[in-house]
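Summary of structural features
The lines below spell out each chain.
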Amino acid sequence: MAIKTGRGFAAIEYPTGMNQNGDPSQAWIKVKPDGRIDVFAGTSDIGNGSKTIQSQIVAETIGVPYEWITYDNSNTDSSPVCTGTFASRATFVAGKAVEKAAENVRQKILEIAGKELEIDPADLEIIDGEVIAKGAPQKKISVPDVAAAATWGHGELLTGTGAQLKPYATIVEPETGKVDLPPHSAISYASCAAEVEVDEETGVVTVTRLWQCYDVGKSINPTLVEGQIEGGAVQGLGLGILENCYPYYPSVEHRGGQFGAYLVPGMEDLPQIDTLIIENPSADGPFGAKGIGEMANNAQPPAIATAVFDAVGVWVTELPITPERVLRALHEKAVGGDAPKRDGKWVVFDADLSVNAVGTGITFEAT
């Protein structure tokens with residue numbers, strides 16, 4: 001017996017901005033008399049960086065330094081509606097809402113600045129906190145001065161609101177479920193290649209390297225994007241070879257009773273991770289951004305399974321790919337067990353688990 005190496009890859013697609021008229025996000029923004037900007041939104045930041053990303057969107061849209069932005073999502077009673085942080089929507093949907101609100105604020109700043117400079121607002125632009133005449137940069141006024149003029153000179157509050165809601169997709173063919181609009185707003189694409197070592201004697205699978213390629217639309221904050229992708233890779237590693245949610249041996253009573261008994265990747269399990277970001281902008285996302293959060297851990301398990309096949313020539317059709325399952329698959333191969341079969345457009349890797357088996361009269365009962 002020997003340790004064999006193998007490589008495999010998997011590709012996925014992932015929809016973002018899915019909504020059946022029940023997934024809105026709203027935002028409102030006000031400019032204080034000193035030119036600093038308050039953003040009120042209901043998006044919860046659960047570690048995904050939504051406060052940072054949405055603040056960046058506001059700063060870039062208006063044309064002021066990031067440090068001028070204060071983001072408040074602390075009170076659902078005073079903040080606009082946001083359905084929540086799920087479905088990879090915090091940047092794509094909620095970010096679009098704050099972008100729209102920021103556009104409204106930007107236009108109001110230009111209108112007041114136009115009055116102060118006696119220049120058509122269409123001939124003005126905001127760059128790094130200053131409103132500047134196009135083609136005549138010597139004619140300018142700072143955003144704080146515009147805010148002061150609005151407050152004490154023109155009696156106006158510089159504010160803006162924005163809301164993002166995908167139109168309802170009506171079912172036009174009840175028999176097939178066909179709708180008159182796409183149920184999503186954008187599709188993200190990703191692939192992962194895995195390199196593994198498989199010990200034929202013990203069945204232990206070690207993932208030594210992961211190459212990951214993700215289409216994120218537009219990387220508004222590359223550091224946060226890479227962090228989500230690499231964090232997802234570690235989760236995908238756990239799903240692929242370690243984390244067994246329901247280990248029936250032969251019943252649930254044999255499952256560990258403490259959280260420490262649930263195996264998740266540790267530092268010694270981590271492979272080398274290489275990440276490549278592709279920007280294929282979406283027309284519906286803020287600055288072209290797409291969702292990245294959930295899809296980051298989808299491609300690793302099938303890539304690892306394919307790499308195991310490349311290494312030792314067996315398909316392990318259940319996750320995680322434990323030593324026991326590898327050894328069982330090797331045993332089945334040795335005694336001439338069933339190999340994958342093609343049936344039309346389906347490739348059946350495991351007759352008991354295959355999608356192709358569903359609807360053929362096989363029934364499954366809970367035990």
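As a reminder, the structure under discussion sits directly above these lines.
Our subject in this report is the structure included herewith. From a predicted model like this one, the values you see are computed outputs, not experimental measurements.

1. Looking at the layout of surface pockets
- Estimates place the volume of the second largest pocket at around 530 Å³.
- Looking at the second largest pocket, it is lined by 33 residues, and the ones nearest its centre are Asn48, Gln228, Ile292, Gly293 and Glu294.
- Elements with a minimum of two residues in the lining of the second largest pocket: α1 (50-62) and α4 (222-241).
- Counting residues per element, the lining of the second largest pocket draws most heavily on α4, which supplies seven residues.
- Here the lining of the second largest pocket is built from residues that sort into 13 nonpolar, 16 polar and four charged.

2. Quick notes on the sheet that holds strand β12 (residues 205-215)
- The four strands lie next to each other as β1-β11-β12-β13, forming an open sheet whose pairing is mixed. Bordering the open sheet on either side are β1 (3-16) and β13 (272-278), each of which pairs with just one other strand. Here the average twist between neighbouring strands, direction ignored, is 15 degrees.
- As paired elements, β1 and strand β11 (residues 186-199) share 14 bridges and run antiparallel to each other. Residue pairing in the sheet places Thr5 in a bridge with Glu197 of β11.
- Along the sheet, α4 makes contact with β12 and β13, crossing β13 at roughly 130 degrees.

3. Some thoughts on the nonpolar core
- Ranked by internal contacts, the top residues of the largest apolar core, which has 39 residues, are Ile37, Val58, Ile109 and Val131.
- In terms of nonpolar packing, the next biggest core, distinct from the first, is built from 34 residues, Ala190, Ala233, Val312 and Ile321 among them.

4. Here's the deal with the sheet that holds strand β7 (residues 136-142)
- Pairing in this open sheet of three strands is antiparallel, and the strands run β5-β6-β7 from one edge to the other. The outermost strands of the open sheet, each flanked by one partner alone, are β5 (124-127) and β7. On average, adjacent strands in this sheet sit at an angle of 35 degrees to one another, irrespective of strand direction.
- Sheet topology note: the strand β6 (residues 130-133)/β7 ladder contains four bridges and is antiparallel. Each residue of the ladder has a partner; that of Ile132, found in β7, is Lys140.
- Of the strands in this sheet, β5, β6 and β7 touch helix α2 (residues 94-117), which is tilted by about 120 degrees from β5.
- Contacting β5, β6 and β7, helix α3 (residues 143-153) crosses the sheet at an angle of about 50 degrees to β7.

5. Description of the pairing of β11
- Bridge count between β11 and β12: nine bridges; the pairing is antiparallel. Bridging across to β12, Glu195 finds its partner in Arg209.
- Linking β11 to β12, which pair antiparallel, is a turn of five residues; within it Gly203 sits at a positive phi near 80 degrees.

6. Details of the packing of aromatic side chains
- All chains considered together, the criterion is met by two aromatic pairs.
- Between Trp28 and Phe40, the ring centres sit 4.5 Å apart and the planes meet at 10 degrees, which makes this aromatic pair stacked. Taken together, the positions of Trp28 in strand β2 (residues 25-31) and Phe40 in strand β3 (residues 37-41) put the pair twelve residues apart, joining distant regions of the chain.
- Positioned above the aromatic ring of Phe86, the side-chain terminus of Arg89 is 5.4 Å from the ring centre.

7. Section: the side chain of Ser282
- Note that Ser282 resides in the loop between β13 and α5 (300-312).
- There is a polar contact of 3.2 Å between the side chain of Ser282 and the backbone nitrogen of Asp284.
- Residues within four places of Ser282 in sequence aside, it is in contact with Phe92, Ser185, Ala186, Gly288, Ala289 and Lys290.

8. Considering the environment of Val93
- Mapping Val93 onto the fold places it in the loop between β4 (69-72) and α2.
- Beyond its immediate sequence surroundings of up to four residues, Val93 is in contact with Gly17, Asp23, Ser25 and Gln164.

9. Some details on the pattern of salt bridges
- Counted under the stated rule, the structure contains twelve salt bridges.
- A salt bridge links Asp38 to Lys32, with the shortest nitrogen-to-oxygen separation between them at 3.3 Å.
- The buried category is assigned to Asp38, whose relative accessible area is 10%.
- The partner of Glu156 in a salt bridge is Lys115, with the nearest N and O atoms 3.7 Å apart. Of this pair, Glu156 sits in the loop between α3 and β8 (159-164) while Lys115 is found in helix α2, placing the two residues 41 residues apart along the sequence.
- Among the ionic contacts, a cluster of salt bridges with common partners joins Lys30, Lys32 and Asp38.

10. Notes on the environment of Asp123
- Among the secondary structure elements, Asp123 is positioned in the loop between α2 and β5.
- Relative accessible area serves as the criterion here: at 41%, Asp123 is assigned to the partly exposed category.
- Asp123 sits twelve residues away from Gly135 along the chain, and the two C-alpha atoms are 8.7 Å apart.
- Look past the residues within four positions of Asp123 in its chain and what remains in contact with it is Ile132, Ala133 and Lys134.

Rules and cut-offs
Residues numbered from 1 in each chain as written. Predicted model: local features only at pLDDT ≥ 70, side-chain atom pairs only at ≥ 80, totals over all residues. Heavy atoms only, no water. 1 Å grid on protein atoms, 1.4 Å probe; cavity = no way out; pocket = protein on both sides within 12 Å on 5 of 7 lines; lining within 4 Å. Points joined across faces, edges and corners; volume = space filled by probe spheres on them. Helix = DSSP H or I, 4+ residues; strand = E, 2+ residues; numbered from the N terminus. Nonpolar A, V, L, I, M, F, W, Y, C, P; charged D, E, K, R; others polar. Pairing = 2+ DSSP bridges. Axes fitted to C-alpha atoms, helices over the stretch in contact; angles between N-to-C directions. Contact = heavy atoms within 4.5 Å. Core = buried A, V, L, I, M, F, W, Y, C linked by side-chain atoms within 4.5 Å. Buried < 20%, exposed > 50% of the residue type's maximum accessible area, 1.4 Å probe, protein only. Phe/Tyr/Trp six-rings, centres within 6.5 Å; stacked < 30°, edge-to-face > 60°. Lys NZ or Arg CZ within 6 Å of the ring centre and 35° of its normal. Polar contact = N/O pair within 3.5 Å; in protein donor to acceptor, adjacent residues only side chain to side chain. Salt bridge = Lys/Arg side-chain N within 4 Å of Asp/Glu carboxyl O.

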